[in-house]
Amino acid sequence: MTDQDEQDDHRSRQFPVREDMVFQHKVWRFERVGWYVLVLLVILTLLGLFSRGPLSDRELYSSDGSVGVEYQAFHRNGSANAMTIRLKGQPNAVLEVELGGDWLEGFEVQALQPPPMRSAGAGQGMTLWVQADERGQASLYLSLLGEGFGTYHSRIATPGGATVSFNQFIFP
Amino acid sequence: MDSVLRAAAMYAALMLLFKIAGRRSLAEITTFDFVLLMIIGEATQQALLGDDFSMTNALMVIVTLIAIDVGFSLLKLRSQWVSRLIDGGPTIIVEDGKILRGRMRHARLIEADIMEAARSSQGIETLEQIKFAIIERNGKISVIAKE
């Protein structure tokens, strides 16, 4: 394309319609940049920015390894995600774990498996007692339905002093 | 409260998305566009209503959407600037039988699109017979034939 043609493209015509090519070029630039943003959003979604993906899958263990948790850092309002709590203690013992923080205000616990032997309220959270197997391990599987919006803090602790704490974000 | 916020947020998001998509999108409904439109509708419906299927909620969402729509059209009457921002302006892409290639490329059109519009609206056979071809604000191509 020659410079002459380039000039011609940018000149605003007054007939048969009144054009504003300066504005039109801004619109086209907006469309182009917008397209890049859409592609970026698709890639981020695939990576799990809006839950379920490498960016969102998290795994945490306490320093002595007696409490561990697998969770999603990002949730969406109205969708359910899994959370797994792993406990390690004496063989065949009853293990106590406290789920604290304000997370129960943002999440509804839809399922909790296996059912704990006993449970009790503990401040904002709750305390659960679960039976460990012969290797001293116990796992709790939770299904969490995101109901709030924003950041919620969770803290999982055992009486032995092992603690993991983390934040979860719920998108609207 | 949240039905109004939901409707307003969805209106704004869809407005922005269709501005990014440009004038051409969904202007000429092909079979695929029709399917796309239905999928967008289905996806939007959930977000608009949430888990509240009451009649009040449905009505409030519709009332909000229509109120925003009428509000914008009133605003467009008063302000040239708003009108241009929302509806855009027409662009000439063929002038005296000559295609303005740079513009055509920016508008994501090819020559076949222009000739299709020329044939269907004016029965025009060649590019030379076109005096003006204009992309209208709604994305349709209107063609003016030479005398």
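The rules behind these values
Residues numbered from 1 in each chain as written. Chains lettered and ligands numbered in written order. Predicted model: local features only at pLDDT ≥ 70, side-chain atom pairs only at ≥ 80, totals over all residues. Heavy atoms only, no water. Contact = heavy atoms within 4.5 Å. Salt bridge = Lys/Arg side-chain N within 4 Å of Asp/Glu carboxyl O. Polar contact = N/O pair within 3.5 Å; in protein donor to acceptor, adjacent residues only side chain to side chain. Helix = DSSP H or I, 4+ residues; strand = E, 2+ residues; numbered from the N terminus. Nonpolar A, V, L, I, M, F, W, Y, C, P; charged D, E, K, R; others polar. Domains from an automatic or database assignment. Buried area = accessible area lost by both parts, 1.4 Å probe. Axes fitted to C-alpha atoms, helices over the stretch in contact; angles between N-to-C directions. Parallel < 35°, antiparallel > 145°, perpendicular 65-115°, else oblique. Left-handed = near helix turned anticlockwise from the far one by under 90°.

**Student:** Would you explain the interface of chain B and chain A in this entry?
**Tutor:** You'll often see interface size given as the accessible area lost when the parts meet. On the chain A side, the residues contacting the 26 residues of chain B number 22 residues. Along the contact surface separating chain B from chain A lie four salt bridges. Between arginine 103 of chain B and glutamate 19 of chain A there is a salt bridge, and its shortest N-O distance comes to 2.9 Å. Joining chain B to chain A, the criterion identifies seven residue pairs in polar contact (both at pLDDT 80 or more). For the side of chain B that touches chain A, the element with the highest residue contribution is helix H5 (residues 101–106) of chain B, accounting for five residues. Split by residue class, the side of chain B that touches chain A holds eleven nonpolar, six polar and nine charged.

**Student:** Mind showing me how you'd approach the domain arrangement of chain B here?
**Tutor:** All names here are of chain B. You can read the domains of chain B as domain 1 (2–87) and domain 2 (91–145). Of note, the centres of domain 1 and domain 2, computed from C-alpha atoms alone, are 29 Å apart. When domain 1 packs against domain 2, the two sides together hide about 790 Å² of surface, and 39% of this comes from carbon and sulfur. For the interface between domain 1 and domain 2, the tally reads one salt bridge.

**Student:** What should I look at first to understand the packing of helix H1 (residues 2–21) of chain B against helix H2 (residues 31–49) of chain B in this one?
**Tutor:** To characterise two packed helices, one gives the angle between the axes of the helices and the distance between these axes. Residue and element names in this part refer to chain B. The contact between H1 and H2 brings their axes to 9 Å, and the two run at 150°. Here H2 runs roughly antiparallel to H1, going by the angle between their axes. In the crossing of H1 with H2, the sense of the turn from one axis to the other is right-handed. On H2, the residues touching Arg6, Ala7, Met10, Leu14 and Phe18 of H1 are Ile40, Thr44, Gln46, Ala47, Leu48 and Leu49. Residue composition of the contact of H1 with H2, by class: eight nonpolar, two polar and one charged.

**Student:** Hey, could you run me through the domain arrangement of chain A in this one?
**Tutor:** One can read the domain layout of chain A as domain 1 (3–47) and domain 2 (57–171). Here the C-alpha centre of domain 2 of chain A lies 50 Å away from the C-alpha centre of domain 1 of chain A.

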